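Chain and residue survey
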Protein chains: 2
Amino acid sequence: MKYALLGFLSLQPMTGYELKKMVSISTGQFYSASYGSIYPTLRKLEQEGAVKSEEGNEGNRVKITYAITEKGEQELDAWLAQQGEEDFVLRYEYMTKLFFSGRRPTGEIVRMIQKHIEELGAERGKLIELHASLDESCSDVYQMYPCEFGIALYQFLQDWNSELLRRVEQN
Amino acid sequence: MKYALLGFLSLQPMTGYELKKMVSISTGQFYSASYGSIYPTLRKLEQEGAVKSEEGNEGNRVKITYAITEKGEQELDAWLAQQGEEDFVLRYEYMTKLFFSGRRPTGEIVRMIQKHIEELGAERGKLIELHASLDESCSDVYQMYPCEFGIALYQFLQDWNSELLRRVEQN
DNA sequence: TTCGATATATATCTATATGATATATCGGTA
DNA sequence: TACCGATATATCATATAGATATATATCGAA
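Keep in mind it's a predicted model, so treat the numbers as computed, not measured. (Residues numbered from 1 in each chain as written. Chains lettered and ligands numbered in written order. Predicted model: local features only at pLDDT ≥ 70, side-chain atom pairs only at ≥ 80, totals over all residues.)

This paragraph deals with the overall build of chain A. Regarding its fold elements, chain A presents seven helices and three strands. Its helices and strands in sequence order give chain A the pattern α-α-α-β-β-α-β-α-α-α, from N to C terminus. In summary, chain A has a C-alpha radius of gyration of 21 Å against a globular reference of 16 Å for 171 residues, an excess of more than 25%. Once the C-alpha set of chain A is aligned to its principal axes, its extents read approximately 65 × 35 × 35 Å. By residue count, 28% of the 171 residues in chain A fall in the buried class. (Helix = DSSP H or I, 4+ residues; strand = E, 2+ residues; numbered from the N terminus. Rg over C-alpha atoms; globule rule 2.2 N^0.38 Å. Buried ≥ 20, exposed ≤ 12 C-beta atoms within 10 Å, placed from the backbone.)

Here we come to helix α1 (residues 2–11) of chain B. Here α1(B) has its buried residues at Ala4(B), Leu5(B), Leu6(B), Gly7(B), Phe8(B) and Leu9(B). Each element contacted by the buried residues of α1(B) is listed here: α5 (93–99) of chain A together with α2 (16–26), α3 (35–48), β1 (51–58), β2 (61–68) and α4 (70–81) of chain B. (Contact = placed C-beta atoms within 7 Å.)

The full set close to DNA strand D counts 21 residues, and Gly36(A), Ser37(A), Gly59(A), Asn60(A) and Thr15(B) are the nearest of them. Within the residue set of the surface near DNA strand D, elements represented by two or more residues are α3 (35–48) of chain A together with α2, α3 and β2 of chain B. Broken down by class, the residue content of the surface near DNA strand D amounts to eight nonpolar, nine polar and four charged. (Near = placed C-beta within 6 Å. Nonpolar A, V, L, I, M, F, W, Y, C, P; charged D, E, K, R; others polar.)

Under the fitted operation, chain B is carried onto chain A by 0.0 Å of movement along the axis and a turn of 180°, and the coordinates agree to an RMSD of 0.1 Å. Within this description, the copies of the chain are treated as partners about a two-fold rotation axis. Proximity to the rotation axis, assessed at the C-alpha, singles out Leu90(B) in chain B; its C-alpha lies 2.2 Å from the axis. Taken as a fraction of all interface residues of chain B, those also at the interface in chain A reach 100%, which identifies the copy contact as same-surface. (Least-squares fit on C-alpha atoms with pLDDT ≥ 70 in both.)

Right, let's get into the interface of chain B and chain A. At the interface, 43 residues of chain B touch 43 residues of chain A. Among the secondary structure elements, those contributing two or more residues to the side of chain B that touches chain A are α1, α4, β3 (88–92), α5 (93–99), α6 (106–137) and α7 (145–169) of chain B. Residue composition of the side of chain B that touches chain A, by class: 23 nonpolar, nine polar and eleven charged.

Residue and element names in this part refer to chain A. Structurally, the position occupied by leucine 98 is in helix α5. With 24 C-beta atoms counted inside 10 Å, the residue leucine 98 sits in the buried group. Placed 15 residues apart in sequence, leucine 98 and isoleucine 113 show a C-alpha to C-alpha distance of 9.0 Å.

This part takes up the pairing of β2(B). Residues and elements named next belong to chain B. In this sheet, β2 lies alongside β1 in antiparallel orientation, the contact comprising eight bridges. Across the sheet, the residue bridging to glutamate 55 is isoleucine 64, located in β2. Between β1 and β2, which follow one another and run antiparallel, lie two residues, and glycine 59 among them has a positive phi close to 65°. (Pairing = 2+ DSSP bridges.)

Let's shift gears to the packing of α2(B) against α3(B). All names here are of chain B. Direction vectors running N to C along α2 and α3 enclose 125°, while the axes themselves pass 10 Å from each other. Judged by the angle between their axes, α2 and α3 are oblique. Seen from above, α2 lies across α3 with right-handed handedness. Of the residues in α3, those in contact with Gly16, Leu19 and Lys20 of α2 are Tyr35, Ile38, Tyr39 and Leu42. Within the contact of α2 with α3, the residues separate by chemical class into five nonpolar, one polar and one charged. (Axes fitted to C-alpha atoms, helices over the stretch in contact; angles between N-to-C directions. Parallel < 35°, antiparallel > 145°, perpendicular 65-115°, else oblique. Left-handed = near helix turned anticlockwise from the far one by under 90°.)

Time to look at the domain arrangement of chain A. Residue and element names in this part refer to chain A. Domains assigned within chain A are domain 1 (2–81) and domain 2 (93–169). For domain 1 versus domain 2, the distance between C-alpha centres works out to 30 Å. Taken residue by residue, the interface counts five residues in domain 1 and four residues in domain 2. Across the side of domain 1 that touches domain 2, the residue classes tally to two nonpolar, three polar and no charged. (Domains from an automatic or database assignment.)

Around DNA strand C, 23 residues are found, and the nearest of them are Thr15(A), Met1(B), Gly36(B), Gly59(B) and Asn60(B). Residue assignment for the surface near DNA strand C shows that the elements contributing at least two residues are α2 (16–26), α3 and β2 (61–68) of chain A together with α3 of chain B. Split by residue class, the surface near DNA strand C holds eight nonpolar, ten polar and five charged.

Next comes the structure, spelled out in structure tokens:
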């Protein structure tokens, strides 16, 4: 969490709200953040001296903009450079259902798989749109990779489930 | 959480400890459970009447075996039949690092990708072993699919990252 | 021009989950 | 018999999502 926020703040100073939007768009497929974690983490990062906040006021609105500090940049680079076992967590509820599908009639399973494939297609479509819009705004090839990964991942999921559908229908 | 535990208890009555082991082996790739969630959930399920517990005692050891009830079976089937948007969460820390890798020297990025591909291969190897051992114990084709999915997923991840490595090395 | 919908912005609460740790028993082996 | 690893239950601290509350700003349509 902490390092991802530092990373985004290294691109430009932002408010918690802007941070949430940016996280959702750019790495949202495999890393998401809620306000319930963003705001407390920002306060903690400021205590540590990794970011500093500036309270601007547009009219009557309170607006706290956070910027990364020199110390924060160093921490970010240390995290990027460190080759630890990276966290990889996949929670795929559909697969849990599939595991127990032996209890259910084949027709129902077929419909579940078909619907899932459609949903995967829709998600993939959204990412393809995002990719087109990203082309202009990205300062860096590396910032395109997660979106490209997401598109390829959904393609893989669609393919795997299409093959599953074929197998289930065949008996 | 709740429904996954009900599912496993529909296969056979079990203790919380056995449940944890079984979850880790069978759906562990995309759904995991800790004791801190298993025991409280079992107690809640019993309050709801979806499972009933029996306190057996082997010698001096306390051993609480949980079995699914008729009501629990109905709840499980209702969950399996219901076509809702299923939870899909991927937390892929490596991809977050990649997003910010523009800050780092190419050599370091190449090493990160290489190491990651090796780790993916190791994980895939474990699943292939598991698949071989599963052949005997599974009562059902559906119980094989999650493991097969895991193997295919790691293959996809290896392929995607190998292609990424090629691209990064080329400039 | 005013009304309502949507976007911006911060903050906090509840429920739940993880990971670690504590405690204790059991079976096998050295 | 002493010890290790597996079995078994339980709980703590910490983290997080998701929902909700509150308020302001913007913009288009009636």
